[in-house]
Amino acid sequence: MDVISPVPPKDRAVEGLAWYIRNAHLKAGDRLPPERELCQSFGVSRTALRSAISVLISSNVLESIQGSGTYVCPRKPINIFQEVYSFSDSIRRAGMEPSSRVLDAVLLVADLDLAAKLGVEPGSTVFSLQRVRYADGVPVSLEHSFVNEGVCPGIVRYDFSNSSLYEILQDSFGIRVEHGTDRISITTLREDEAAILGREVGEPAFYQRGVQMMSDGVPVEYCKAVLIPERYRFGSNTGSDAVKEKVGTAWLME
């Protein structure tokens with residue numbers, strides 16, 4: 001009696017492709033084997049395999065080049081919710097080089113809303129830093145940070161085009177960001193955002209906002225960021241020490 005798999009062929013092919021990419025240690029730019037070979041390996045039809053490839057193309061895991069074949073896309077950087085968010089670290093973990101273009105870096109006076117988020121008195125001085133963030137020279141996000149200048153006086157003098165905000169806070173001011181709260185939602189790109197990021201107006205994007213704090217709970221930064229979904233991703237892992245072991249390896253391809 002034949003055993004019928006409870007997993008639909010297309011889903012089986014998606015899982016099979018993800019397994020193959022991991023276990024064959026394929027890197028960005030590597031080409032998949034011929035369709036006939038993959039169909040035989042996964043026990044699926046060519047139709048199911050092509051549907052699975054389409055799913056992974058839409059997820060930016062694979063890309064298809066007409067007349068050449070199907071290739072593995074570069075890995076996306078990932079932000080793990082259980083870790084303190086650092087754009088530069090997440091880019092490096094994906095094997096890419098982070099960089100920034102500073103749009104604005106000024107001191108401003110905190111209004112009631114911003115003062116509440118940073119736990120300071122209204123009218124306090126806040127450092128406002130707006131940057132375009134890149135991975136291997138490709139724009140990934142548009143980020144606006146508001147930093148409690150009271151804990152890092154003089155921070156406006158630093159060059160953030162080549163330096164990480166968190167690295168400067170730690171190295172120059174002895175401030176280590178330990179934890180925070182973040183919210184993620186979906187937005188669409190405004191005209192000004194699309195122009196800066198080289199995208200189309202109205203395209204969907206991630207919208208992230210949150211407050212990062214020191215170990216004693218004193219707020220350091222309130223940040224708002226718009227991120228391109230095809231170039232960035234978010235994940236969660238409740239394991240204690242498993243997070244950093246998984247990031248940048250097989251888990252990124254799943």
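Scroll up to find the structure this text is about.
Predicted model, so just to flag it, every value in this text is computed and none were measured.

Engineer: Can you help me understand the nonpolar core in this one?
Structural biologist: Most often, soluble globular proteins keep nonpolar side chains buried together rather than apart. Core analysis: the biggest nonpolar cluster contains 18 residues, and Leu 17, Ile 21, Leu 32, Leu 49 and Leu 62 have the highest contact counts within it. Those elements that place two or more of their residues in this core are helix H1 (9–23), helix H2 (35–42) and helix H3 (46–58). At 5 residues, H3 tops the list of elements feeding residues into this core. Excluding residues within four positions of it along the chain, Leu 62 makes contact with Ile 21, Leu 32, Ile 53, Leu 56, Ile 57, Thr 70, Tyr 71, Val 72 and Cys 73. Residues Leu 129, Cys 152, Leu 169 and Met 214 belong to the second largest nonpolar core, which totals 14 residues.

Engineer: Looking at this structure, how should I read the sheet that holds strand E6 (residues 138–148)?
Structural biologist: Within a sheet, neighbouring strands are paired by backbone hydrogen bonds and run either parallel or antiparallel to one another. Read from one edge of the open sheet, 6 strands run E4-E5-E6-E9-E8-E7, paired in antiparallel fashion. With partners counted over all chains shown, the strands left at the sheet margins are strand E4 (98–109) and strand E7 (179–188), one partner each. On average, adjacent strands in this sheet sit at an angle of 15° to one another, irrespective of strand direction. For strand E5 (residues 125–135) and E6, the ladder comprises 10 bridges, and the chain directions are antiparallel.

Engineer: I would appreciate a short explanation of the environment of Val 156 in the present structure.
Structural biologist: Within the secondary structure, Val 156 sits in the loop between E6 and helix H6 (165–173). Sequence separation of Val 156 and Ser 128 is 28 residues, and the distance between their C-alpha atoms is 8.6 Å. Setting aside residues no more than four positions away along its own chain, Val 156 makes contact with Ala 105, Val 106, Leu 107 and Phe 127.

Engineer: Which parts of the structure should I look at to understand H1?
Structural biologist: Because an α-helix packs 3.6 residues into every turn, residues spaced three or four apart end up facing the same way. In this model, H1 (15 residues) spans 20 Å end to end at C-alpha, consistent with the 21 Å of a helix rising 1.5 Å per residue. Its buried side turned inward, H1 meets H2, H3, strand E1 (62–65) and strand E2 (69–72). At the C-terminal side of H1, His 25 shows a positive phi close to 55°.

Engineer: Teacher, can you tell me more about the side chain of His 144 here?
Structural biologist: Checked against the element boundaries, His 144 lands in strand E6. Among the residues examined, His 144 registers a relative accessible area of 17% and is labelled buried. Within polar-contact distance, the side chain of His 144 engages the side chain of Ser 128 at 2.8 Å. Not counting residues up to four positions away in its chain, the partners in contact with His 144 are Ser 128, Leu 129, Gln 130, Tyr 222, Cys 223 and Lys 224.

Engineer: Teacher, can you tell me more about the pairing of strand E9 (residues 219–227) here?
Structural biologist: Walk down a regular strand and you will see the side chains alternate between the two sheet faces. Within E9, 8 of the 9 residues are buried, which leaves it mostly tucked inside the rest of the structure. Relative to E9, E6 runs antiparallel, the two being bridged by 7 bridges. Across the sheet, the residue bridging to Ser 145 is Cys 223, located in E9. The pairing of strand E8 (residues 204–213) with E9 spans 8 bridges and is classified as antiparallel. Its bridge partner being in E9, Tyr 207 is matched across the sheet by Val 226. Where E8 hands over to E9, the hairpin turn is made up of 5 residues, of which Gly 217 adopts a positive phi near 90°.

Engineer: I would appreciate a short explanation of the packing of aromatic side chains in the present structure.
Structural biologist: Any two aromatic rings considered together are summarised by their centre-to-centre distance and by the angle between their planes. Enumeration according to the criterion identifies 4 aromatic pairs in this entry. Centroid distance Phe 87 to Tyr 232: 6.3 Å. Interplanar angle 10°. Geometry classified as stacked. Taken together, the residues span a long stretch of sequence, with Phe 87 in helix H4 (residues 87–93) and Tyr 232 in the loop between E9 and strand E10 (233–235) at a distance of 145 residues. The pair Phe 87 / Tyr 232 is uniform in exposure class, with both members buried. Each ring, one from Phe 127 and one from Phe 160, has its centre 5.6 Å from the other, and the planes form 35°; the classification is tilted. Taken as a pair, Phe 127 in strand E5 and Phe 160 in the loop between E6 and H6 lie far apart in primary sequence, 33 residues in all.

Parameters and conventions
- Residues numbered from 1 in each chain as written.
- Predicted model: local features only at pLDDT ≥ 70, side-chain atom pairs only at ≥ 80, totals over all residues.
- Heavy atoms only, no water.
- Core = buried A, V, L, I, M, F, W, Y, C linked by side-chain atoms within 4.5 Å.
- Buried < 20%, exposed > 50% of the residue type's maximum accessible area, 1.4 Å probe, protein only.
- Helix = DSSP H or I, 4+ residues; strand = E, 2+ residues; numbered from the N terminus.
- Contact = heavy atoms within 4.5 Å.
- Pairing = 2+ DSSP bridges.
- Axes fitted to C-alpha atoms, helices over the stretch in contact; angles between N-to-C directions.
- Expected span 1.5 Å × (residues − 1).
- Polar contact = N/O pair within 3.5 Å; in protein donor to acceptor, adjacent residues only side chain to side chain.
- Phe/Tyr/Trp six-rings, centres within 6.5 Å; stacked < 30°, edge-to-face > 60°.

Function-wise, these values are silent; they only describe arrangement.
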